[in-house]
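# An overview of the molecular structure
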Amino acid sequence: QVQVVESGGGLVQAGESLRLACTASARTGTTYAMGWFRQAPGKEREFVARISWNGANTYYADSVKGRFTISRENTKNTVYLQMNSLKPEDTAVYYCAAAQNGPAGSTLEAGFDYWGQGTQVTVSS
């Protein structure tokens, strides 16, 4: 079983930045594609970003392109989500997920196998 743990959420003002981190425990030699999703109050969970196992490929939701950057440090089993120019509509619980068996490049929830508990990001206007 893979454990996924997020950290770095908090309360910021609009226009500020925040960096989320996610660690995924894995068997030695196993590296997963990783992704970030978010769920705002009263809304369904939505895709935010994804990074391939080696960091070569990244994918973003249109709503965050140019503002968010996903990256990873495999030596630390850690994935980051750098969020700049935050807006109130970015307020949500952010979830990290690991993909073991899903199709490459999938941006669907079904394409990920292991999920963290989420971290709250609140952006005030």
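Refer to the structure printed above.
Residues numbered from 1 in each chain as written. Predicted model: local features only at pLDDT ≥ 70, side-chain atom pairs only at ≥ 80, totals over all residues. Heavy atoms only, no water.

## Looking at the overall build of the chain
On a plain count of helices and strands, the chain comes out with 0 helices and 11 strands. Along the chain, helices (α) and strands (β) appear in the sequence β-β-β-β-β-β-β-β-β-β-β when read from the amino end. Its C-alpha atoms give the chain a radius of gyration of 14 Å, near enough to 14 Å, the size a compact globule of 125 residues would have. Along the three orthogonal principal directions, the C-alpha set of the chain runs to about 45 × 25 × 25 Å. Counting only residues that meet the buried cut, the chain has 42% of its 125 residues in that class. (Helix = DSSP H or I, 4+ residues; strand = E, 2+ residues; numbered from the N terminus. Rg over C-alpha atoms; globule rule 2.2 N^0.38 Å. Buried < 20%, exposed > 50% of the residue type's maximum accessible area, 1.4 Å probe, protein only.)

## Concerning the state of the cysteines
Linking two cysteines covalently through their sulfur atoms gives a disulfide. Summed over all chains, the structure comprises 1 disulfide. One disulfide bridge connects Cys22 with Cys96, the sulfur atoms lying 2.0 Å from each other. Between Cys22 and Cys96, the S-S torsion sits near -85°, and that sign places the bridge as left-handed. Here Cys22 is found in strand S3 (residues 18–24), whereas its partner Cys96 is found in strand S9 (residues 92–99), with 74 residues between them in sequence. Judged by relative accessible area, which is 0%, Cys22 ranks as buried. (Disulfide = S-S within 2.5 Å.)

## With respect to unusual backbone geometry
Here the phi dihedral of Asn77 falls at roughly 50°; this positive angle occurs in a residue that is not glycine. Following the sequence through the fold, Asn77 ends up in the loop between strand S7 (68–73) and strand S8 (78–83).

## Brief notes about the environment of Gly111
For Gly111, the location among the structural elements is in the loop between S9 and strand S10 (114–115). Sequence-wise, Gly111 and Ala99 are 12 residues apart; in three dimensions their C-alpha atoms are separated by 6.4 Å. Ignoring anything within four residues of it in the chain, the contact list for Gly111 reads Arg50, Ala99, Gly102, Pro103 and Ser106. (Contact = heavy atoms within 4.5 Å.)

## Side note on the nonpolar core
Counting residues in each nonpolar core, the largest one holds 35 residues, and the members touching the most others are Met34, Trp36, Leu81, Met83 and Tyr94. Of all the elements in the fold, those that place two or more residues in this core are S3, strand S4 (33–39), strand S5 (46–51), S7, S8, S9 and strand S11 (119–124). Per-element accounting of this core gives the leading share, 6 residues, to S9. The residues touching Leu81, leaving out its near neighbours within four places in the chain, are Leu18, Arg19, Leu20, Trp36, Val48, Ala49, Phe68, Thr69, Ile70 and Tyr94. (Core = buried A, V, L, I, M, F, W, Y, C linked by side-chain atoms within 4.5 Å.)

## Looking at the pattern of salt bridges
Scanning the entire structure with this criterion turns up 6 salt bridges. Between Glu109 and Arg45 there is a salt bridge, and its shortest N-O distance comes to 2.9 Å. You can see Glu109 sitting in the loop between S9 and S10 and its partner Arg45 sitting in the loop between S4 and S5, a full 64 residues away along the chain. Judged by relative accessible area, Arg45 falls into the partly exposed class, the value being 25%. For the salt bridge of Glu73 with Lys76, the shortest nitrogen-to-oxygen distance reads 3.7 Å. On the basis of relative accessibility, which here comes to 30%, the residue Glu73 falls in the partly exposed class. Residue Lys76 is classed as exposed on the basis of its relative accessible area of 51%. A cluster of three or more residues bridged by salt bridges with shared partners is formed by Arg38, Glu46, Arg67 and Asp90. (Salt bridge = Lys/Arg side-chain N within 4 Å of Asp/Glu carboxyl O.)

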